[in-house]
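Listed below are the residues making up each chain.
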Amino acid sequence: MAFTHYICITCGTQFSPSLTPPKTCPICEDERQYLPEGGQQWTSLQKLRASHKNCFLKKEKGLYGIGTIPQFGIGQRALLVRTPSGNVLWDCISLLDEATIDIIAGLGGLAAIAISHPHYYTTMVEWSQAFGNIPIYLHEDDRSYVMRPDKCIEYWQGETLQIMTDLTLIRCGGHFQGGVVLHWPAGAAEKGVLLTGDIIQVVADRKHVSFMYSYPNLIPLSAKKVKQIVSAVEPLAYDRIYGAWWERSTIEKNAKAALHWSAERYLQHITD
């Protein structure tokens, strides 16, 4: 019987190799996630490659979305940011196959990976190894949620971290203690972009954002944590926000003002 890097079907997280599947997925047992009615289920990267494929979509100059079809796990898509100092994968998806590697190589490869929070850790180590053991930047506050430790993971502390020479990670907290967003000043025709995962969640009207401790279980964030998020990104210049999904996940313009309106609305409703 061979060792397998098992992947949780519900959240898409890959675990360290084992002869048999892990007993549980700690990420899905956390109150921010859930186990489906059928209970814990597992797959592997080899099986996933046989049933799914990735698609690419150019979002703007220097930015590509990468997502899996049919939908797998939580269903997020990753973003590839092209910069003069190297390309960065923002957030991650479980499926990595030869076609994906070839397409990314054609776009200049990857120099680093940065991930907003544990729900999107997925097969991050596989991605790092495929592109030469590139660094994966995770905030130290979320270290306990890493299910496949590896030397390529670089845990950082504090409130901001510049990666490459063109991008900055900002710890916002909120959804997870170490939840981060990525600031890309050159995006949106140099008006600035925030890549937020669902630390700052773009909502259906694409004019507002919202904030939650748990999205599937509908547990809101406290006023204190929402104010912390707003304060963390206040110094940044940005006009556009990209969230975590293909659909309804972009505020195209005036995103900084939209975040302020949204926070005020949210705080009014939870304190009214």
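Going by the structure above, here's the rest.
These lines cover the structure that appears in this document, whether it is placed above or below.

## Focus on the environment of Cys-11
- Among the structural elements, Cys-11 can be located in the loop between strand S1 (7-8) and helix H1 (26-29).
- Along the backbone, Cys-11 and Pro-118 are 107 residues apart, and their C-alpha atoms lie at a distance of 9.7 Å.
- In contact with Cys-11, not counting residues within four places along its chain, are Cys-25, Ile-27, Cys-28, Gln-33, Gly-73, Ile-74, His-119 and Thr-122.

## Some details on the packing of helix H6 (residues 223-233) against helix H7 (residues 255-271)
- Where H6 contacts H7, the two axes come as close as 10 Å, and the packing angle between them is 170°. Between H6 and H7, the interaxial angle falls into the category roughly antiparallel. Contacts between H6 and H7 involve Ala-223, Val-226, Lys-227, Val-230 and Val-233 from the former and Leu-259, His-260, Ala-263, Tyr-266, Leu-267 and Ile-270 from the latter.
- Each residue belonging to the contact of H6 with H7 can be placed in one class, and the counts come to nine nonpolar, one polar and one charged.

## As for the sheet that holds strand S6 (residues 88-90)
- An order of S3-S4-S5-S6-S7-S8-S9 is seen for the seven strands of this open sheet, with the pairing classed as mixed. Unpaired on one side and paired on the other, strand S3 (53-60) and strand S9 (153-156) mark the two borders of the sheet. For this sheet the average axis-to-axis angle between neighbouring strands, irrespective of direction, equals 25°.
- Note that strand S8 (residues 136-139) and S9 share four bridges and pair parallel. Residue His-139 lies in a different strand from S9, and its bridge partner there is Trp-156.
- Seen against the sheet, helix H3 (residues 98-106) touches S3, strand S4 (63-69) and strand S5 (78-81) and runs at an angle of roughly 25° to S3.

## A closer look at the pairing of strand S18 (residues 240-243)
- Burial along S18 is two-sided: Arg-240 and Tyr-242 facing one way and Ile-241 and Gly-243 facing the other are all buried.
- Of the pairings in the sheet, the one linking S18 to strand S19 (residues 250-251) comprises two bridges and is antiparallel in character. Counterpart to Tyr-242 in the pairing with S19 is Thr-250.
- What sits between S18 and S19 in their antiparallel hairpin is a turn of six residues, with Arg-248 showing a positive phi close to 50°.

## Describing the pairing of S4
- Where burial is concerned, most of S4 is hidden: six out of the seven residues are buried.
- As paired strands, S3 and S4 are joined by seven bridges and run antiparallel to one another. Of the residues in S4, the one forming a bridge with Phe-56 is Ile-66.
- Two successive antiparallel strands, S3 and S4, enclose a turn made up of two residues, where Gly-62 displays a positive phi of approximately 85°.
- Two strands pair when backbone bridges link them, and S4 and S5 are joined in this way by four bridges, in the antiparallel orientation. Each residue of the ladder has a partner; that of Tyr-64, found in S5, is Leu-80.

Conventions adopted
- Residues numbered from 1 in each chain as written.
- Predicted model: local features only at pLDDT ≥ 70, side-chain atom pairs only at ≥ 80, totals over all residues.
- Heavy atoms only, no water.
- Helix = DSSP H or I, 4+ residues; strand = E, 2+ residues; numbered from the N terminus.
- Contact = heavy atoms within 4.5 Å.
- Axes fitted to C-alpha atoms, helices over the stretch in contact; angles between N-to-C directions.
- Parallel < 35°, antiparallel > 145°, perpendicular 65-115°, else oblique.
- Nonpolar A, V, L, I, M, F, W, Y, C, P; charged D, E, K, R; others polar.
- Pairing = 2+ DSSP bridges.
- Buried < 20%, exposed > 50% of the residue type's maximum accessible area, 1.4 Å probe, protein only.

Bear in mind that shape data such as this cannot, by itself, settle questions of function.
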